[in-house]
Amino acid sequence: MASFNLDTLVRPNILSLEPYRCARDDFTEGILLDANENAHGPAITDISQYETTLDLHRYPDPHQIELKDKLVNFRNSENKFEITKDQELTNENLCLGVGSDESIDALIRTLCSPGKDKLLIAPPTYGMYSISATINDVEIVKVPLDFQTFQIQPDLINEELNKDPSIKMVYITTPGNPTGTSIDFKLIEQILTNPNWNGIVVADEAYVDFAPIGTSLSTLVNKYPNLVVLQTLSKSFGLAAIRLGITFANKRLASILNALKAPYNISSLTSYVALRALSPQNVKLMRDRVEILNSERGRLWSELQKFQNINKRLLGGLSSNFILVQVINGSGEPDSKLAKYFYEKLATTKGVVIRYRGNEPGCPGGLRITIGTKEENDTLLEKLQVLINEL
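Worth saying up front: this structure is predicted, and the values here are computed from it rather than measured.

Right, let's get into the overall build of the chain. Tallying secondary structure elements over the chain gives 13 helices and 10 strands in all. The C-alpha radius of gyration of the chain comes to 23 Å, within 12% of the 21 Å expected for a compact globule of 391 residues. Taken along its principal axes, the extent of the C-alpha atoms in the chain is 75 × 60 × 40 Å. Relative to all contacts within the chain whose residues are 6 or more apart in sequence, the contacts with residues 24 or more apart total 71%. In the form shown here, the chain has an accessible surface area of approximately 18,300 Å², with 51% of it arising from carbon and sulfur atoms. Positive and negative side-chain charges in the chain, numbering 40 and 47 respectively, have mean positions lying 4 Å apart.

This paragraph deals with the side chain of Asn 93. Of note, Asn 93 is situated in the loop between helix H4 (65-77) and strand E1 (94-98). Excluding residues within four positions of it along the chain, Asn 93 makes contact with Glu 88, Val 221, Asn 222, Thr 247, Phe 248, Ala 249, Asn 250, Lys 251 and Ala 254.

For the coordinates displayed, the defined rule picks out three cavities of 30 Å³ or more. Considering only enclosed or pocket space, the largest cavity measures out at about 90 Å³ in volume. Arg 75, Glu 78, Gly 214, Thr 215 and Ser 216 are, among the 14 residues lining the largest cavity, the residues nearest its centre. Here the lining of the largest cavity is built from residues that sort into four nonpolar, six polar and four charged. The space that makes up the second largest cavity amounts to roughly 60 Å³. Along its surface, the second largest cavity is lined by Ala 122, Pro 124, Thr 125, Leu 145, Ile 152, Tyr 171, Ile 172, Thr 173, Gly 176, Asn 177, Thr 179 and Ile 183. Residues of the lining of the second largest cavity, tallied by class, amount to seven nonpolar, five polar and no charged.

Right, let's get into helix H12 (residues 336-349). Taking 1.5 Å as the rise per residue, H12 with 14 residues should run 20 Å; its terminal C-alpha atoms sit 19 Å apart, in good agreement. Listing the buried residues of H12 in full gives Leu 338, Ala 339, Phe 342 and Leu 346. Taken down its axis, H12 places every buried residue within 105° of arc, on the same side. Turned more than 90 degrees from where H12 packs its buried face, Lys 337 and Thr 348 sit exposed. In this structure, the buried side of H12 is in contact with strand E9 (355-356), strand E10 (366-370) and helix H13 (374-390). Two or three places before Lys 337, at the start of H12, stands the capping residue Asp 335, its side-chain oxygen 3.1 Å from that residue's backbone nitrogen. Backbone geometry just after H12 places Gly 351 at a positive phi near 70°.

Below, the discussion takes up the packing of helix H7 (residues 154-163) against helix H8 (residues 185-192). Contact geometry for H7 and H8: axes closest at 9 Å, N-to-C directions at 15°. Considering their axes alone, H7 and H8 lie roughly parallel with respect to each other. You can see that H7 and H8 cross each other, and the crossing is right-handed. Between H7, through Pro 154, Asp 155, Ile 157, Asn 158 and Leu 161, and H8, the contact on the second element is made entirely by Leu 187, Gln 190 and Ile 191. Looking at the contact of H7 with H8, its residues break down into five nonpolar, two polar and one charged.

The next thing to look at is the packing of aromatic side chains. Scanning all chains against the criterion turns up 11 aromatic pairs. Relative to Phe 342, the ring of Tyr 341 lies with its centre 6.0 Å away and its plane at 55°, an arrangement referred to as tilted. When its relative accessible area of 30% is taken as the criterion, Tyr 341 is described as partly exposed. Residue classification places Phe 342 among the buried residues on the basis of a relative accessible area of 0%. Between Tyr 343 and Tyr 356, the ring centres sit 6.4 Å apart and the planes meet at 25°, which makes this aromatic pair stacked. With a gap of 13 residues between them, Tyr 343 in helix H12 and Tyr 356 in strand E9 connect regions that are remote in the sequence. Here Tyr 343 falls in the partly exposed class, since its relative accessible area comes to 27%. In this structure an aromatic cluster arises from ring pairing among Phe 81, Phe 185 and Tyr 224. Positioned over the ring face of Phe 322 is Arg 368, at 5.5 Å from the centre of the ring.

About the thresholds
Residues numbered from 1 in each chain as written. Predicted model: local features only at pLDDT ≥ 70, side-chain atom pairs only at ≥ 80, totals over all residues. Heavy atoms only, no water. Helix = DSSP H or I, 4+ residues; strand = E, 2+ residues; numbered from the N terminus. Rg over C-alpha atoms; globule rule 2.2 N^0.38 Å. Contact = heavy atoms within 4.5 Å. Areas by Shrake-Rupley, 256 points an atom, 1.4 Å probe, with all protein chains shown as cover. Lys, Arg positive; Asp, Glu negative; His and termini not counted. Charge placed at Lys NZ, Arg CZ, Asp CG, Glu CD. 1 Å grid on protein atoms, 1.4 Å probe; cavity = no way out; pocket = protein on both sides within 12 Å on 5 of 7 lines; lining within 4 Å. Points joined across faces, edges and corners; volume = space filled by probe spheres on them. Nonpolar A, V, L, I, M, F, W, Y, C, P; charged D, E, K, R; others polar. Expected span 1.5 Å × (residues − 1). Buried < 20%, exposed > 50% of the residue type's maximum accessible area, 1.4 Å probe, protein only. Arc of directions from axis to C-beta. Polar contact = N/O pair within 3.5 Å; in protein donor to acceptor, adjacent residues only side chain to side chain. Axes fitted to C-alpha atoms, helices over the stretch in contact; angles between N-to-C directions. Parallel < 35°, antiparallel > 145°, perpendicular 65-115°, else oblique. Left-handed = near helix turned anticlockwise from the far one by under 90°. Phe/Tyr/Trp six-rings, centres within 6.5 Å; stacked < 30°, edge-to-face > 60°. Lys NZ or Arg CZ within 6 Å of the ring centre and 35° of its normal.

Given below as structure tokens:
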């Protein structure tokens, strides 16, 4: 970390960027004739009282301080890492986006010059890192996970970073997608403390609330300024439709990301629902439902192990709201062809849709199964057994 320097890491044009100053930066009350909004309100004849309270004809809050405060209070309250008082999260550590995908893209545009810089991923991993890199003309370097443990290989990653200073970012999903495995922080720390590399480690924590409480690395971004943590309300809070992505970063980098983003990127509808979800009673509801899903995760895996064409060894881990199982043939060998057959037949003839992942590195015969309700999981088990019996 001795070589970490944002001044030389961030693209010069982004570093010098002056954020767009919008109308709501100055005044939010009074007779607002400054933002070219429609003073007569939404053109909806049957607008509800609830919709009226949202002031849909007004641009949303560009800063979302109240929402950021709730997010940092939530994460600070569950922190289990050793940090000092001045290293605790504040709203200045956050940048909000339209889903984590906007955050992924924003980081690449901030740190990587097109056609020049690179980013490193550890497959199997989330596909949007590669898509965003390709869109931004950023080369991808791959250091696969250890296929036995699905942990990162920090020695190999650091070897790549040490020999190629054009690698500006390392994207790590923890818990992994499609693996469901939480990455040991001690392994990530080996990259963060690499004294020869000036870059950012991005820990994508979309599924972190299905791991033990206190697992999140978000509270470490002030202790490790070269750490960025991505989160979302899509998974554990069940709010995929509102498209809220959360970036935790050191205060200076968060400020740069906020200067880069569109001024009104978080809608009033999104912030209204998110604020409700982060109330104490709804955080408790989230935790209660996560406990139910985690219990179902264990039960589903226990039942699947009884099936003759499912490997008794889980491909990934048990830290997400899905499991990655391995389909095997009669000889006990991983069978991607059979896995794809089960996937297609379940979807087209049984009305149960899971995800084929047999083409991912280290995942031959892989099927990723999202944990549903007890009834949905029972239906999956029943329909999959029917297909196995028909072989």
